[in-house]
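# Breakdown of the fold
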Amino acid sequence: MTNTTYQKFVKRWEEVTELPPQTLGPLTPYYKMLVRHLKVMPWPVFVLSSLLLVLALYFLIGSAITFIVSLLQKGF
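Quick look at the structure, then. In this text the structure is predicted, and so the values were computed from the model without any measurement. (Residues numbered from 1 in each chain as written. Predicted model: local features only at pLDDT ≥ 70, side-chain atom pairs only at ≥ 80, totals over all residues. Heavy atoms only, no water.)

This part takes up the packing of aromatic side chains. A full pass over the atoms with the stated rule returns three aromatic pairs. Judged by centre distance (6.1 Å) and plane angle (35 degrees), the rings of Phe 9 and Trp 13 are tilted. In this pair, Phe 9 and Trp 13 are both assigned in helix H1 (residues 2-17), four residues apart and thus about one turn of the helix distant. On the accessibility criterion, Phe 9 (48% relative accessible area) is partly exposed. Taking relative accessible area as the criterion, Trp 13 reaches 53% and is therefore assigned exposed. For the ring pair Trp 43 and Phe 46, a centre distance of 5.8 Å and an interplane angle of 85 degrees mean the geometry is edge-to-face. Residue Trp 43 and its partner Phe 46 are located together in helix H3 (residues 42-61), separated by three residues, close to a single helical turn. Here Trp 43 falls in the exposed class, since its relative accessible area comes to 63%. (Phe/Tyr/Trp six-rings, centres within 6.5 Å; stacked < 30°, edge-to-face > 60°. Helix = DSSP H or I, 4+ residues; strand = E, 2+ residues; numbered from the N terminus. Buried < 20%, exposed > 50% of the residue type's maximum accessible area, 1.4 Å probe, protein only.)

Okay, structure coming up:
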């Protein structure tokens, strides 16, 4: 009795814990390329992306970004 229960448990456990590989359709190769670099050395990517984000915000909002940053700092 316990052996069959255990076998059922193991079978169900394998069904639940087995995950298929993640795919993003046509973007999968680019995702894998990006994640490979993030796993090894994430800081250069983070610094570069933050600099690009700041520049984009500066071009979109202008000098009002300093007001927004000051407002956010006061909130914390």
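Now, onward.
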